[in-house]
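Examining the three-dimensional arrangement
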Amino acid sequence: MKNILLAVDAWYPQMGGPNVVLANYYKYLSENNEVTAAVPSYGRETDERVDRETGVPVMHVRSVYIPIGGFRNCVPGLDGALRQRAKQADIFHAHSPFALGNYFANAAKKYDKPSIITFHTKFKDEFMRYTHSKVCTAIMMHRIMSVINKTDYVWTVSNGAAQTLREYGYKGDITIIRNGTDMTVPENARELVDRVNEKYGLADEENVLLFVGRVVQTKNLKLVFAALKKLNGSVPFKMVVVGDGEGMKEYRQMVFEYGLGDRVLFVGEITDRQFLKAFYLRADLFVFPSVFDTASLCPIEAAAFGLPTLLVKDSPTSEIIRDGFSGYAVPADADEWAERLKYILSDKSALAAVRENCRRYVYRSWKDVVAEAEAEYDKLLR
């Protein structure tokens with residue numbers, strides 16, 4: 001049995017892919033190991049509510065509020081409980097290069113244990129989006145790269161993420177451990193589909209397109225809406241957007257200006273994971289136009305239901321599919337997306353074959369992911 005310390009520098013109620021990764025690492029590693037998951041504290045009341053909702057018994061580390069994006073900055077050096085856990089740890093694995101990632105790298109060296117950091121996010125783009133300052137971005141990039149460079153082992157979630165890390169200046173070895181999903185087809189699938197059909201008026205829709213994620217500019221939804229405008233009634237469709245974010249107002253306006261008001265449905269954020277399954281079950285095609293994400297979880301979630309994804313060609317997330325076999329990858333051009341959408345939705349037999357291949361070759365469970373990660377832990381400890 002190993003004593004494993006995990007960490008991520010942002011936790012619920014803030015939404016993000018690394019949260020899902022950490023929760024599933026904790027779930028499966030805890031079956032045979034002593035595991036502690038360290039995350040920022042958002043205040044006792046919020047922490048207790050989040051613990052009830054997630055069911056993940058994390059350690060809430062002391063933190064201070066950062067007036068950018070609602071983030072909290074941990075102060076792990078002042079947290080006695082974390083210091084005690086660090087003394088007992090066999091391995092330190094951080095999923096972010098901020099305060100906790102820095103603490104893990106230093107503590108691992110102090111106690112002569114291996115440290116790992118998994119690189120998930122194109123931080124440079126995010127820093128520019130929040131600060132609008134090249135100087136601030138350069139300072140913050142210097143800080144996170146110093147954390148990454150002093151961590152013993154660096155993992156990423158895709159080849160594209162590894163390439164981004166190289167562009168940031170990292171020269172060491174990189175191990176790729178791809179993401180997975182906890183989504184499975186439920187026994188009450190028909191009931192869930194009926195429920196979403198009734199609630200959102202989808203029963204009579206022939207072709208339902210789905211997007212799930214943050215509604216922000218980096219997701220590039222404007223590409224989808226521009227392509228849908230160009231379809232010009234050549235094939236029937238209903239586009240369903242599940243999620244929320246600061247881009248909602250802009251995208252609603254775009255949909256209105258494109259004359260797609262009756263064809264695009266914004267349903268907001270769905271926090272009930274069981275009900276979220278209903279959208280994947282009901283849809284005919286998942287669309288994910290982002291080139292920002294290093295390895296989005298959503299297309300893997302969709303694959304659990306045999307729902308293939310239309311992605312941007314050569315984007316990091318598109319690595320998991322073969323175009324026309326287990327999904328679709330098209331250059332980021334509205335005309336080309338419109339043509340491919342028309343083809344996909346008009347040939348149901350071809351789509352059925354891609355759906356089956358998607359289920360077989362794109363789906364990957366978190367249990368398998370964590371087993372691969374634990375095998376790497378054992379190798380490093382040896």
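Refer to the structure above for everything that follows.
The rules behind each value
- Residues numbered from 1 in each chain as written.
- Predicted model: local features only at pLDDT ≥ 70, side-chain atom pairs only at ≥ 80, totals over all residues.
- Heavy atoms only, no water.
- Helix = DSSP H or I, 4+ residues; strand = E, 2+ residues; numbered from the N terminus.
- Buried < 20%, exposed > 50% of the residue type's maximum accessible area, 1.4 Å probe, protein only.
- Contact = heavy atoms within 4.5 Å.
- 1 Å grid on protein atoms, 1.4 Å probe; cavity = no way out; pocket = protein on both sides within 12 Å on 5 of 7 lines; lining within 4 Å.
- Points joined across faces, edges and corners; volume = space filled by probe spheres on them.
- Nonpolar A, V, L, I, M, F, W, Y, C, P; charged D, E, K, R; others polar.
- Axes fitted to C-alpha atoms, helices over the stretch in contact; angles between N-to-C directions.
- Left-handed = near helix turned anticlockwise from the far one by under 90°.
- Parallel < 35°, antiparallel > 145°, perpendicular 65-115°, else oblique.
- Pairing = 2+ DSSP bridges.

Let us now look at the environment of Pro308. Structurally, Pro308 is set in the loop between helix 12 (298-303) and strand 14 (309-312). The buried category is assigned to Pro308, whose relative accessible area is 0%. Along the chain, Pro308 and Ala283 lie 25 residues apart, while their C-alpha atoms are 9.7 Å from each other. The contacts of Pro308, once residues within four sequence positions are left out, are Asp284, Leu285, Phe286, Ser326, Gly327, Tyr328, Leu351, Val354, Arg355 and Cys358.

Summed over the entire model, instances satisfying the criterion amount to one cavity of 30 Å³ or more. Taken together, Val21, Tyr25, His95, Thr118, His120, Trp155, Val157, Ile177, Arg178, Asn179, Trp366 and Val369 make up the full set of residues lining the largest cavity. Breaking the lining of the largest cavity down by element, the ones donating at least two residues are helix 1 (17-29) and helix 15 (366-381). Of the residues contributing to the lining of the largest cavity, the split by class is seven nonpolar, four polar and one charged.

Interhelical geometry of helix 9 (residues 221-231) versus helix 13 (residues 334-346) gives an angle of 60 degrees and a closest axis separation of 8 Å. As for how helix 9 packs across helix 13, the hand of that crossing is right-handed. Packed against helix 9, whose contacting residues are Leu223, Val224, Ala226, Ala227, Leu228, Lys230 and Leu231, the element helix 13 presents Ala334, Asp335, Trp337, Ala338, Leu341 and Lys342 at the interface. Along the lines of polarity and charge, the residues of the contact of helix 9 with helix 13 split into 10 nonpolar, no polar and three charged.

For the rest of this paragraph, the subject is the packing of helix 9 against helix 10 (residues 248-257). Axes are the key here: two packed helices are described by the angle between their axes and the distance separating the axes. The N-to-C vectors of helix 9 and helix 10 enclose an angle of 10 degrees; their axes lie 10 Å apart at closest approach. By the angle between their axes, helix 9 is roughly parallel relative to helix 10. Between helix 9 and helix 10, the residues in contact are Leu221, Lys222 and Phe225 and Tyr251, Met254 and Val255, respectively. Among the residues making up the contact of helix 9 with helix 10, the classes are represented as five nonpolar, no polar and one charged.

Next up on the list: the sheet that holds strand 9 (residues 174-176). What the seven strands build is an open sheet, ordered 3-2-1-6-7-8-9; its pairing is parallel. Edge positions in the sheet fall to strand 3 (59-61) and strand 9, since each of these pairs with one other strand and no more. In this sheet, adjacent strand axes meet at a mean angle of 25 degrees when their direction is disregarded. As paired strands, strand 2 (residues 34-40) and strand 3 are joined by three bridges and run parallel to one another. In the sheet register, Val39 faces strand 3, and the bridge partner there is His60.

What follows is about the sheet that holds strand 12 (residues 264-268). In spatial order, the strands read 12-11-10-13-14-15; together these six strands make up an open sheet with parallel pairing. Only two strands of the sheet have a single partner each, and these edge strands are strand 12 and strand 15 (328-330). Each neighbouring strand pair of the sheet contributes to a mean axis angle of 25 degrees, computed without reference to strand direction. Bridging between strand 10 (residues 208-212) and strand 13 (residues 285-288) involves two bridges; their strand directions are parallel. Bridge pairing links Leu209 to Leu285 in strand 13.

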